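Analysis of the macromolecular model
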There are 2 protein chains.
Amino acid sequence: MSTRRSVDFRDVGVVSAADRGFTYGDGLFETVRVVGGVAPLWPRHAARLTRGCAQLRMPAPGIDAIYAEILRLSGGFPDAVVRVTLSRGVGERGYALPLRQAPTLVVAAAELTLDPVAFREGIAVRVCDLQLATQPALAGLKHLNRLEQVLARAEWTDPAIGEGLLCDMAGDVVCATAANLFAVIDGELVTPPVDLCGVAGVARAEILATRAVAVTRVGLARLHQASEVFLTSAVRGILPVRALGAHTWQPGPVAGALQAHWASLGLPLTTRAKDRDR
Amino acid sequence: MSTRRSVDFRDVGVVSAADRGFTYGDGLFETVRVVGGVAPLWPRHAARLTRGCAQLRMPAPGIDAIYAEILRLSGGFPDAVVRVTLSRGVGERGYALPLRQAPTLVVAAAELTLDPVAFREGIAVRVCDLQLATQPALAGLKHLNRLEQVLARAEWTDPAIGEGLLCDMAGDVVCATAANLFAVIDGELVTPPVDLCGVAGVARAEILATRAVAVTRVGLARLHQASEVFLTSAVRGILPVRALGAHTWQPGPVAGALQAHWASLGLPLTTRAKDRDR
């Protein structure tokens, strides 16, 4: 799968080795799905990126130019995943903010293929040993300090496991390594808060805006009692969980309704390339 | 001040925009002082880098080749600060470890100038608002996820403040943004543990190996009662603290003895360039 990439709107594939994205993980990213030249969730990505820049004291991003670049690089892919990385740019030695910040923008587009079986039948997940640290100054942001996710994802190689759930240090489930978590418990749709750790996902925001959801802590014992469990991601959409250890679920009506909502947004559960192959 | 830089032993200044150092902060670094062609603390840097690679599941680094590159790039600087960055290298999309890891090595050397007044008279410090998160899976390592330090250092711009102290979420002091902390309390030399957060500094390790030190939690109230407070850094050496808010100290005998030890290691408290200027 070939990736089309630009750095600061030029078709190159390198950044300065003195870029603070590389030296400190000092920046933010978004992973955007583009279907047929449209990114239906882009306004939510743009809002999070803008919020993140303010929180990290970076200049406000030029949202329209970034969106144009996303569409330019994903052009030609019927269904694309586009990563937008915005770092603080080149800096002198030391943590102090550069006097003049010149952020670096990297946009990388690749064709997206999704597994339709995962959407229909759900995926098996595990609980990771790594527990997320509590850091309210960074929680919610999709920043470039992702070693926790790297270490958690490195805990398993079994391809039958589709995702890993991450708990905080109190033992409550927060999210998956690259998705948010929802469950239906006692008939109520719930998702854990992400104000102390975790990422405030764009798909999560879409659901919070369109559904009644209780944002509440979810211990593993309560999760086991759920009637439905599913993961959400801007790129992968609504992914039912069918197994967590000995606990199994059938894809349920809430996940099904949200999958239909996703399709109505212009984000179908199968990618065009997959359809074409069959 | 010009920086001499190499990437994977070639004299270039760029890395792939798909490098996991840039996309996830997935890697480690060391900041090494080289005086007259020798880095006296290199064995401790090398040991920490090797430990960090094991902990992050990266291949063991080629220590001898890295040291040769440090000396090559710092050659010509009478006193140099050399940053060694080792990332996990280029990766596909997603947190999973690449099947074949090919780490990226960046070595960047610049002339070092130190402020002799800071060593003689000490520096003023403040306590940062940002509190360090507890993450035993990463604590101690000098990894590339440094947004906490970036945000903490961004809290002040007053040039009269030389460093910021960082507390954990229990309110105990752990370290400074780019240095470790030592204090003499009730006649005993103490330094906080770094097994839950903070970096296990190379200068700290040198002191632990050569002095009787109690590794113990240090609350702010206890720190105020110290007879001496000083910061330690592989590059900046032993820096007495002369003021923290209303509390003031004189540079004390323990810091003085360690400064003499530093000079005996071949790490003088003034840089040759500074001497030359006077």
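Before going further, it helps to spend a moment on the interface of chain A and chain B. On the chain B side, the residues contacting the 44 residues of chain A number 44 residues. Of all the secondary-structure elements, those providing two or more residues to the side of chain A that touches chain B are strand 1 (3–7), strand 2 (14–16), helix 1 (20–24), strand 4 (79–87), strand 5 (104–111) and helix 5 (147–153) of chain A. Looking at which element gives the most residues to the side of chain A that touches chain B, the answer is helix 5 of chain A, with six residues. Classifying every residue of the side of chain A that touches chain B gives 23 nonpolar, 12 polar and nine charged. Here strand 2 of chain A runs beside strand 2 (residues 14–16) of chain B; their pairing, made up of three bridges, is antiparallel. Its bridge partner lying in strand 2 of chain B, S16 of chain A is registered against V14 of chain B.

Our focus in this paragraph is the sheet that holds strand 1 (residues 3–7) of chain B. Residues and elements named next belong to chain B. Here four strands make up an open sheet; going across it, the order is 1-5-4-3 and the pairing antiparallel. Looking along the sheet, the strands with just one partner apiece sit at the ends: strand 1 and strand 3 (27–35). Between one strand axis and the next, the sheet turns through 15° on average, direction left out of account. Direction of pairing for strand 1 relative to strand 5 (residues 104–111): antiparallel, over a ladder of five bridges. Counterpart to V7 in the pairing with strand 5 is V106. Of the strands in this sheet, strand 3 and strand 4 (79–87) touch helix 2 (residues 42–55), which is tilted by about 175° from strand 3.

Residues and elements named next belong to chain A. Here the domain parsing of chain A yields domain 1 (3–112) and domain 2 (117–265). Across the contact, 20 residues belong to domain 1 and 12 residues belong to domain 2. Within the residue set of the side of domain 1 that touches domain 2, elements represented by two or more residues are strand 3 (27–35), helix 2 (42–55) and strand 4. By residue number, the principal contributor to the side of domain 1 that touches domain 2 is strand 3, which donates seven residues.

Our next topic: the environment of T216 of chain A. Considering the arrangement of structural elements, one finds T216 of chain A in the loop between strand 11 (214–215) and strand 12 (218–219). T216 of chain A sits 23 residues away from P193 of chain A along the chain, and the two C-alpha atoms are 6.0 Å apart.

All names here are of chain B. Tracing the backbone shows P59 in the loop between helix 2 and helix 3 (63–74). P59 sits in the partly exposed class, given 14 other C-beta atoms within 10 Å. When the C-alpha atoms of P59 and Q135 are compared, they prove to be 22 Å apart, with 76 residues separating the residues in sequence. Residues in contact with P59, not counting those within four places in the same chain, are C53, Q101 and P103.

Relating the two copies of this chain is a rotation about some axis coupled with a shift parallel to it. For the pair chain A and chain B, the relating rotation is 180°, the translation along its axis is 0.0 Å, and the fit reaches an RMSD of 0.0 Å. Both copies are brought into coincidence by an operation consistent with a two-fold rotation axis. Interface overlap between copies: 100% of the residues of chain A at the interface are likewise at the interface in chain B, consistent with a symmetric, same-surface contact.

Right, let's get into helix 8 (residues 253–265) of chain B. All names here are of chain B. In a regular helix each residue adds 1.5 Å, so 13 residues correspond to 18 Å; helix 8 covers 18 Å between its end C-alpha atoms and thus fits that length. Regarding helix 8, the residues found buried are V254, A255, L258, Q259 and W262. Buried positions in helix 8, seen along its axis, are confined to an arc of 140° and lie on one side of it. Helix 8 presents P253, A257, A260 and S264 as exposed residues on the side facing more than 90 degrees away from its buried surface.

Turning our attention to the sheet that holds strand 3 of chain A. The strands making up a sheet are joined through hydrogen bonds of the backbone, oriented either antiparallel or parallel. Residues and elements named next belong to chain A. Strands sit in the order 1-5-4-3 across an open sheet of four strands; the sheet is antiparallel. Of all the strands in the sheet, the pair left with one neighbour each is strand 1 and strand 3. Sheet twist, expressed as the mean angle between neighbouring strand axes with direction ignored, is 15°. The sheet strands contacting helix 2 are strand 3 and strand 4, and the helix crosses strand 3 at an angle near 175°.

A few words now on the packing of helix 2 of chain B against helix 6 (residues 202–210) of chain B. Residues and elements named next belong to chain B. In the contact formed by helix 2 and helix 6, the axes pass within 9 Å of each other and the chain directions differ by 115°. Viewed along their axes, helix 2 and helix 6 adopt a mutual orientation that is roughly perpendicular. Once helix 2 is placed against helix 6, the crossing between them reads as right-handed. Here R44, H45 and R48 of helix 2 come into contact with helix 6, specifically with V202, A205 and E206. Classifying every residue of the contact of helix 2 with helix 6 gives two nonpolar, one polar and three charged.

What follows covers helix 8 (residues 253–265) of chain A. The inward-facing, buried residues of helix 8 of chain A contact helix 4 (116–121), strand 9 (179–185), strand 10 (188–191), helix 6 (202–210), strand 13 (228–233) and strand 14 (237–244) of chain A. Positioned one or two residues after helix 8 of chain A, G266 of chain A has a phi angle of 100°, which is positive.

Residues and elements named next belong to chain A. Burial within strand 4 is extensive, with nine of its nine residues counted as buried. Neither face of strand 4 is left uncovered, since the one carrying D79, V81, R83, T85 and S87 and the one carrying A80, V82, V84 and L86 both have all their residues buried. Bridge analysis of strand 3 against strand 4 gives nine bridges, and the strand direction is antiparallel. Note on strand 4: the bridge partner recorded for V35 is D79.

For the rest of this paragraph, the subject is the nonpolar core. Most often, soluble globular proteins keep nonpolar side chains buried together rather than apart. V82 and L166 of chain A together with V82 and L166 of chain B are the most contacted members of the largest nonpolar core, which has 175 residues in total. Leaving out residues up to four positions away in the same chain, V82 of chain A has contacts with V32, V34, I70, L73, S74, V107, A108 and A109 of chain A.

Before going further, it helps to examine the confidence of the model for chain A. Residues and elements named next belong to chain A. For chain A, the mean per-residue pLDDT works out to 95, and 97% of the residues sit at or above 70. With pLDDT under 50 throughout, residues 274–278 is counted as low confidence; its partners more than four residues away or in other chains account for four contacts. Here the prediction assigns the complex a pTM of 0.96, and the interface score ipTM is 0.96.

Cut-off values and rules
Residues numbered from 1 in each chain as written. Chains lettered and ligands numbered in written order. Predicted model: local features only at pLDDT ≥ 70, side-chain atom pairs only at ≥ 80, totals over all residues. Contact = placed C-beta atoms within 7 Å. Helix = DSSP H or I, 4+ residues; strand = E, 2+ residues; numbered from the N terminus. Nonpolar A, V, L, I, M, F, W, Y, C, P; charged D, E, K, R; others polar. Pairing = 2+ DSSP bridges. Axes fitted to C-alpha atoms, helices over the stretch in contact; angles between N-to-C directions. Domains from an automatic or database assignment. Buried ≥ 20, exposed ≤ 12 C-beta atoms within 10 Å, placed from the backbone. Least-squares fit on C-alpha atoms with pLDDT ≥ 70 in both. Expected span 1.5 Å × (residues − 1). Arc of directions from axis to C-beta. Parallel < 35°, antiparallel > 145°, perpendicular 65-115°, else oblique. Left-handed = near helix turned anticlockwise from the far one by under 90°. Core = buried A, V, L, I, M, F, W, Y, C linked by C-beta atoms within 7 Å. pLDDT = per-residue confidence, 0-100.

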